[in-house]
Amino acid sequence: MNMHVATITPAGRLTVLAAALTTLMAGLSGGALAASPDLVISHIYGGGASGGATYNRDFIELFNRGSEPVSLKGKSLQYASATGANWSSFGVLPDVTLKPGQYYLVAGNVQSAGADIGTIDHNWAMSLAATAGAVALANSTAQLTSATENTIIDLVGYGSASRKETANAPAPSTTNSIQRLKAGCQDTDDNSADFAAGAVPLPRRSSTPLNACVPTGPVIQEIVTNCPANLQAEQGVGGSALLSAQDGDSMVNSIVIESGAMAGISLENIALATSAGASATATLRVDASVAAGNYPIRIGFGNSDGQSASCTVAVRVAGLLTIPQIQGADAKSPYNNSVQTTQGVVTAIVGSGFFLQDQNGDGNPATSDGIFVFGSSAGVNVGDLVRVTGTVTEYTPTGATRSYTELKDLSSVGKIGTGSVTPTNVEMPTDLARYEGMLVRFTTPLTVNGNAYLGERGELTLSVGRREIPTNRYVPGSPEARALAAANAANIVVLDDGIFVTPTTIPYLFADGTVRSGDTVDDLTGVLDFGAMGGGGAAFKLQPTETPRFSRTNERIPAPVVAAGNVRVASANVLNFFTTFTNGNDAWGRTGQGCKIGSTTSKSNCRGADNMAEFVRQRDKIVQSLSAVNADVVGLMEIQNNDDIAVGYLVEQLNAAMGAGTYAVVPKPGATGTDAIRVAMIYKPKSVSLVGGALSDGDSVNNRPPMAQTFKAANGGKFSLVVNHLKSKGGCGGASGANADSGDGQGCWNGERVEQAARLRDYFLPQVKAAANDGDVLIVGDMNAYGMEDPIRLLNAAGYENQIERFVRASGTPYSYVFGGESGYLDHALASTSLASQVAGVTEWHNNADEPEAIDYNIETGGQDPYQANPYRASDHDPVVVSLNLAPSYVDVTASATIARSALMLNRLTGKYSATVKITNTSTAALNGPLQLLLQGLPSGVTLDEKSGDQNGAPYLTLPGMTLAPGASVTVTTTFTNPSKTAITYTPKLFSGTF
C-alpha cells in the first residue's frame, strides 16, 4: 500500500518526494499507512500444498525497491482468506536489513508435491490459498485486527479477496504465481496494475543479485544463475537438467563444473551468450553408468567483465534395490534421505498412498519385505507389479518414539506386470517393527481393548487379552508394575479403516449398534502401517484388506448380578449430568442461564449436554441405567452443583419410570464445594430411612467435598455411606512437586489425592462414625486412583478393606474405566472392618466403560448417529454395586423365655385395664439387654400406655435392667386404654437389642 510521488531532476535522477500517504484503500477497513514504503511484496505463490504443484512450498518474496537499506525488524507478514472477516495467521520477520534492490524469500513448510525451491531466507509455516487471498506486510509483530490495520506497509489481494489495493491482482493457481512488474519495482497502489500472473519462476532470495530501481550512479549488474536445486536420476537410465545464467550489462562467456566432477557427469550443449543480457545455457548430464548415490555438483559461470557466480545442484542417482535392502535390519533405513528405485506388488491402497511388497522377500526375519509409498496412487491397482523411484525417508508421526521407513517425492511409478503376495502369519505379542509395511494375518485372536476413537478416527485398539493398567494390580513404580507396563506396550496393534479422515459411517459396529471392549476378532488380515492414534502417541496400525470377523465375546448384561442381601448400594458417575446446558438454556426451557464455579456464574462453566436435544438423550440413558441398577441407596458423582435441583430432577425422572415415591433425595449437606460438579445421594424410603442429616467436609483440600449419610434398614441395621470424587489425573498444567507426573503410572495430582485421602482418614471418617454412633462405614466413589495407587493403599492401611479386590478379582480383571486401551477401576468400595463381614457381594456392571464413545448422548455434526435410548454408554464409568447383609440391631429371644401374663384388671376410676407380665429366662445363658417386650396383634382402638415405642406398628416396652440371668425373672405392668371395651388380646414377643 505504498503511495509514491516522484519527479525527474534536471540530472535525470528519480527522486522519492513523499514516503507514505494516509489513505483508505478499497476493501481494507482503513488506517494510516506505515513507514518504510519502499519495502514491497514482489512475488506470491500459494499452490505448494496442492496436487500438481510446481514447487513444494508456498512462498512470499519481499523486495527493497528504494534507495536506502530497510530493516525487517518489528515487521510481520499477515494472511487473510478471500472472504475472512479477520486476519487468520501471521509470521514475525527476523532482524535482517535489506540493501537497496535486495530480495528476501519467506517460504512455508515443505510439502510432498512439487520441485524444491532451494535455499530460503526465512521459514513461516504459512498456508496460503492457491487462487484467492490477501497478504499484508505490516509494521507490527502481533496479529492484525481492524484497529491495527493502519500498520500495514504493503497489501496484495489476489483472486476474489475482499482486501486489496484499489483492485485485485489476478488469480494465481498451483502452476501460476503473481509477480510484481518491473522485477518488483512497480508500485502504483493498484494490485491489478502492479501484478501479473504467469508460470511460476524460481523465486528470488537475498543471494539474488541486487536489482536497483532508483539509479544512484553507474550500477554494475551481476551474473544471475538459474539452476535446479536437485537433479534426480536412475542408475541405468541417467538424467539431465537445464542450466542458465545471464548478466544485464555483460556477456556470460563460460560455464564449467567447478567441483564434484566425476566420470559420467558432464556439461553438454553449452551455448554461451552472444550479447549483454542474453542467456547462456548448458545441460548437466548424468550418464546411465553413474552408480547410485548423492553427488553435489557446483557449476561456475563467468562473464566478459571478469565476474563470476556459481550454483550447486544436488545430483541424486537412484539404484535398483529390493525393498528388504531399503528397510535394512536396523531401526532406520541405511538409505535414508537417498533417492532409490525398487519394485514390488501393490498390496493395498489407502488415503495417502499405497503399500508395496517384494514378491519373494529375502527370508531374513529382521528385514521387512514391505514399504509404504507416500503420494498419489493414480493409475495403481492392488496386484500390480510396479517399479517406483523416490526418496527413502524415516517418517516420525506426532507423539511417536520411533520412525517408519517410507518412500516419498516420487519421480516415477510404472507398472511392469502383475503379481501376488501371501499374507505373512503373525502371532501376537511380538515385535511388529519387522513386519512394517507388509501384508500380514494375525493368527492369534485379538481382543478389543479400546474403542474411544472409533467414531472420530475409525480405530479400535487390539491386544491379546485385556490389558490391565499396571497400578490397578501392582504398587506404582514396583518391578512388577514396570514389567506389566512393558508387556502392555508390546501387546498392541490398532485396527484402522484405511481412509485417514473421520468416517461418515462408523466401521466395525455389530448389528446391535456397538462393538465392545472385550469382543474379539479372528484371522485379522491387512497391511501393517505405523502412525498417530487417537488420544496421542503412535502405534502400528493394521489397514484391513479383508473384512474383519468379530465375535461378541463380551455380552451386554441387562442388569447387574450380585449376591442377595438386605440393602443394595451403588456408586454411579453420571458424566456431567447438568440441568443447565452449555448454550445457556435449561431443562425447563429457560434461557440466559449459567453454572457456578466458585463465585462466577456463566454458561461457559456448564458441562454435559449442549442443548435440550442432547440433554434428553443423556437423561434417558442415565434413567435406564439407574433403573436397572435398582439400588436402595445410590452415591452419585459428576452431577451439577446447583443445590438439589439437578439431583431432584433426576429423582423425578426415576420415579416417573419406576413408580411414584421410589426414590428421594438425600438433602444436601452444608458444603458442596466450589466446582461445577458435586457428589450427591438418592435412596428408596421404603427400604431405608435417614438417620440424622448429611455431613460433608468443606476443607480447602476438597474442591468437591465428600458427603456422608447414615441409613437404617428395615431390620434396624445401620451403616454410613461416604461418597467421594477425588482430584482428576488430567490437566497437568501447574502441577509440580508431588503433583507432577513422576512416571510411576499414577499421573498428575497424586499428591493432592493423597492429601484428600489422608483428610478423609484423619478427620471426616471419625466425624461420621461419631455422629452415627456406629462404626459401619462404606466408602464409595470415583477416587481417580486405581486399585494399588497411593490414596487407596492409605485407606486400606487405615482398616478400610477393598471389597472389589475381595469379590471381583477372583473372576477376572476388575475395571470400571477404560483409558488408552487399558482397563482398571477408579470407582471403589471400601468397607470398615465392622462392615466388611456384612458385605454379601460386589459387582461392576460393565454397561459403560466397554462401549464406544460414539454411541453416547452427544450429537455430532454430519455422519452417522448411532445413538440408542438404552442404558449403554450412559457414562464413561461403570456403576459399582454392593450388596449388604446388615446384621439386625435386635434378635428375637422369645424361645429362650417364658412369658406369663396375669388376668386383666379394670380400674373403674380411670377406666384403664392393667395386668402384670412376668418374663423368665429359661435358657442356660444370660439374655443381654436392652430387652424389649413387643405386643403383636393388639386390637385396633386399644393402646398401650407408657409404651417405649413402636416397631412395625406394634407397641413395645423396654424391660428394666440390661441382663436377665439364667432362671431369673422380671415383671412389668401393662396398662391399656380401651374406650370401646374391646377384648384385649396380643401375642407377646421378647427381643434383645434396640429397634
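Residues numbered from 1 in each chain as written. Predicted model: local features only at pLDDT ≥ 70, side-chain atom pairs only at ≥ 80, totals over all residues. Heavy atoms only, no water.

### Some details on the packing of helix H6 (residues 612-629) against helix H7 (residues 645-658)
Rules: Every angle, taken between N-to-C directions, lies between 0 and 180 degrees, and every axis is a line fitted to C-alpha atoms, over only the stretch in contact when it is a helix. Only runs of H or I of at least four residues qualify as helices and only runs of E of at least two qualify as strands under DSSP, and these elements are numbered from the N terminus. The handedness criterion is simple: a crossing whose near helix is rotated anticlockwise from the far helix by less than a right angle is left-handed, and one whose near helix is rotated clockwise is right-handed. Two residues qualify as a contact provided that any one of their heavy atoms is within 4.5 Å of a heavy atom in the partner residue. Each residue is assigned to one of three groups, with Ala, Val, Leu, Ile, Met, Phe, Trp, Tyr, Cys and Pro labelled nonpolar, Asp, Glu, Lys and Arg labelled charged, and all others, Gly among them, labelled polar.
At a closest axis distance of 10 Å, the pairing of H6 and H7 adopts a crossing angle of 60 degrees. Here H6 runs over H7; the crossing is right-handed. On H7, the residues that touch Phe615, Arg619, Ile622, Val623, Leu626 and Ser627 of H6 are Tyr649, Leu650, Gln653, Leu654, Ala657 and Met658. Classifying every residue of the contact of H6 with H7 by side-chain character gives nine nonpolar, two polar and one charged.

### A look at the state of the cysteines
Convention followed: Here, two cysteine sulfur atoms that lie within 2.5 Å of each other are counted as a disulfide.
Inspection of every chain in the model, using the stated rule, returns four disulfides. Each sulfur of the disulfide joining cysteine 227 and cysteine 311 lies 2.0 Å from the other. Taking the sign of the S-S torsion, -70 degrees for the link of cysteine 227 and cysteine 311, the bridge is left-handed. In this pair, cysteine 227 sits in the loop between strand S15 (223-226) and strand S16 (230-234) while cysteine 311 sits in strand S22 (residues 308-318), placing the two residues 84 residues apart along the sequence. Put simply, cysteine 595 and cysteine 606 are joined by a disulfide, and their sulfur atoms are 2.0 Å apart.

### Details of the packing of helix H8 (residues 750-772) against helix H9 (residues 790-797)
Heads up, the condition is: The scheme is simple: roughly parallel for angles under 35 degrees, roughly antiparallel for over 145, roughly perpendicular for 65 to 115, oblique for anything else.
Contact geometry of H8 with H9 gives a least axis separation of 8 Å together with a crossing angle of 20 degrees. In terms of orientation, H8 and H9 fall into the roughly parallel class. Our pair here, H8 against H9, has a crossing hand that is right-handed. Of the residues in H9, those touching H8 at Asn750, Arg753, Val754, Ala757, Ala758, Leu760 and Arg761 are Asp790, Pro791, Leu794 and Leu795. For the contact of H8 with H9, the per-class residue count stands at seven nonpolar, one polar and three charged.

### Observations regarding the side chain of threonine 444
Applied cut-off: Side-chain atoms alone can form a polar contact between residues adjacent in sequence; in general such a contact is a pair of N or O atoms within 3.5 Å, and within protein one must be able to donate a hydrogen while the other accepts it.
As for its position among the elements, threonine 444 is in the loop between strand S29 (439-442) and strand S30 (446-450). Separated by 3.0 Å, the side chain of threonine 444 and the backbone nitrogen of methionine 428 make a polar contact. Those residues in contact with threonine 444 that lie beyond four places of it in its chain are Val426, Glu427, Met428, Val464 and Val521.

### Some remarks on the environment of valine 665
How we decide: We call a residue buried when its accessible area falls under 20% of the maximum for its residue type, exposed when it is over 50%, and partly exposed in between, using a 1.4 Å probe and counting protein chains only.
Within the fold, valine 665 resides in strand S41 (residues 664-665). A relative accessible area of 21% places valine 665 in the partly exposed class. For the pair valine 665 and valine 634, spaced 31 residues apart in sequence, the C-alpha to C-alpha distance is 9.9 Å. Contact partners of valine 665, with chain neighbours within four places excluded, come to Asp644, Val647, Gly648, Val651, Met681, Ile682 and Tyr683.

### Some points on the packing of aromatic side chains
What counts here: Pairing of aromatic rings covers Phe, Tyr and the six-membered ring of Trp, with a centre-to-centre limit of 6.5 Å; geometry is then stacked below 30 degrees between planes, edge-to-face above 60, and tilted otherwise.
Throughout the structure, instances matching the rule amount to 21 aromatic pairs. For the ring pair phenylalanine 577 and phenylalanine 615, a centre distance of 5.5 Å and an interplane angle of 35 degrees mean the geometry is tilted. Of this pair, phenylalanine 577 sits in strand S37 (residues 567-577) while phenylalanine 615 sits in helix H6, and the two are 38 residues apart along the sequence. The buried category is assigned to phenylalanine 577, whose relative accessible area is 0%. Given a relative accessible area of 0%, phenylalanine 615 falls into the buried group. On the numbers, 6.5 Å between centres and 65 degrees between planes, the contact of tryptophan 845 with tyrosine 872 is edge-to-face. Residue tryptophan 845 is located in the loop between strand S51 (839-844) and strand S52 (880-884), and its partner tyrosine 872 is located in the loop between S51 and S52; the two are separated by 27 residues in the primary sequence. Here the aromatic cluster, defined as three or more aromatic residues joined through ring pairs, consists of Phe577, Phe581, Trp588, Phe615 and Tyr649.

### A closer look at the sheet that holds S41
As a reminder of what qualifies: Whether two strands pair depends on DSSP finding at least two bridges between them.
Spatially, six strands are ordered S41-S42-S40-S37-S52-S51 in an open sheet, and the strand pairing comes out mixed. Strand pairing shows two members of the sheet lacking a second neighbour, S41 and S51, which therefore form its edges. Sheet topology places S41 next to strand S42 (residues 677-683); two bridges connect them, and they run antiparallel. When the sheet's bridge partners are listed, alanine 664 is paired in S42 with tyrosine 683. The sheet strands contacting H6 are S37, strand S40 (633-640) and S52, and the helix crosses S37 at an angle near 170 degrees.

### Some points on the pattern of salt bridges
The condition that has to hold: The rule for a salt bridge is simple: a side-chain nitrogen of Lys or Arg has to be within 4 Å of a carboxyl oxygen of Asp or Glu.
Following the criterion strictly, the structure yields 37 salt bridges and no others. We note a salt bridge from glutamate 459 to arginine 457, for which the minimum N-O separation is 2.9 Å. The exposure class of arginine 457 is partly exposed, given its relative accessible area of 29%. Ionic pairing is found between aspartate 762 and arginine 761, a salt bridge with its closest N-O pair at 2.7 Å. Arginine 761 sits in the partly exposed class, given a relative accessible area of 31%.

### Regarding the environment of threonine 447
Its location among the elements puts threonine 447 in strand S30. Non-local contacts of threonine 447, meaning those with residues more than four positions away in its chain, are made with Thr461, Leu462, Ser463, Gly465, Gly518, Asp519 and Thr520.

### A look at the environment of leucine 944
Along the polypeptide, leucine 944 turns up in strand S59 (residues 943-944). Spatially, the C-alpha atoms of leucine 944 and alanine 954 are 9.6 Å apart, while their sequence positions differ by ten residues. Leave out the neighbours within four places in its chain, and leucine 944 touches Leu935, Leu938, Pro955, Leu957, Thr974, Thr975 and Phe976.

### Quick look at H6
Count 3.6 residues to each turn of an α-helix, and residues three or four apart come out pointing the same way. Note the cut-off: Take the residue count of a helix, subtract one, and multiply by 1.5 Å to get its expected span.
Here H6 is 18 residues long and its end C-alpha atoms lie 25 Å apart, about the 26 Å a rise of 1.5 Å per residue gives. Those residues of H6 that fall on the buried side of the exposure criterion are Glu614, Phe615, Arg617, Gln618, Arg619, Lys621, Ile622, Val623, Ser625, Leu626, Ala628 and Val629. Its side-chain oxygen 3.2 Å from the backbone nitrogen of alanine 613, asparagine 611 forms the N-cap of H6. Directly beyond the C-terminal end of H6, a positive phi value near 55 degrees is found at asparagine 630.

### Brief notes about the confidence of the model for the protein chain
Rules: On a range of 0 to 100, pLDDT expresses the predictor's confidence in each residue.
For the protein chain, the mean per-residue pLDDT works out to 92, and 96% of the residues sit at or above 70. Taken as a whole, residues 1-36 scores under 50 in pLDDT and shows 93 contacts with residues more than four places along the chain or in a different chain.

### Describing the sheet that holds strand S20 (residues 279-286)
If you walk across this open sheet you meet the four strands as S15-S17-S20-S19, and the pairing is antiparallel. The open sheet has two edge strands with one neighbour each: S15 and strand S19 (265-271). Neighbour-to-neighbour, the strand axes of this sheet turn through a mean angle of 20 degrees, independent of strand direction. Pairing between S19 and S20: five bridges, direction antiparallel. What sits directly across from alanine 271, in S20, is threonine 281.

### As for the pairing of strand S31 (residues 460-463)
Here S31 shows no split at all, with Leu460 and Leu462 on one side and Thr461 and Ser463 on the other all buried. Strand direction decides the pairing type here: S30 and S31, joined by three bridges, are antiparallel. Its bridge partner lying in S31, valine 448 is registered against leucine 462. Where S31 meets strand S32 (residues 493-495), three bridges bridge the pair, whose relative direction is antiparallel. Note on S32: the bridge partner recorded for leucine 460 is leucine 495.

### Some details on unusual backbone geometry
Cis geometry marks the peptide bond from methionine 428 to proline 429; its omega dihedral reads -5 degrees. Take proline 429: it is sitting in the loop between strand S28 (424-426) and S29. If you check the backbone angles, asparagine 576 has positive phi at about 55 degrees while not being a glycine. Looking at the secondary structure, you find asparagine 576 in strand S37. For asparagine 576, a relative accessible area of 16% gives the class buried. Its identity is not glycine, yet glutamate 638 carries a phi of approximately 60 degrees, on the positive side.

### Considerations on the nonpolar core
What counts is decided by this rule: In these notes, a set of buried Ala, Val, Leu, Ile, Met, Phe, Trp, Tyr and Cys residues joined through side-chain atoms within 4.5 Å is what counts as a nonpolar core.
In terms of nonpolar packing, the biggest core is built from 36 residues, with Leu432, Phe442, Leu460, Leu462, Val493 and Phe550 touching the most fellow members. For this core, the secondary structure elements donating two or more residues are strand S23 (339-350), S29, S30, S31, S32, strand S34 (524-532) and strand S35 (538-544). If you tally residues by element for this core, the top one is S34, at four residues. Those residues in contact with leucine 462 that sit more than four places away from it in its chain are Leu446, Thr447, Val448, Asn449, Asn491, Ile492, Val493, Leu495, Val521 and Leu524.

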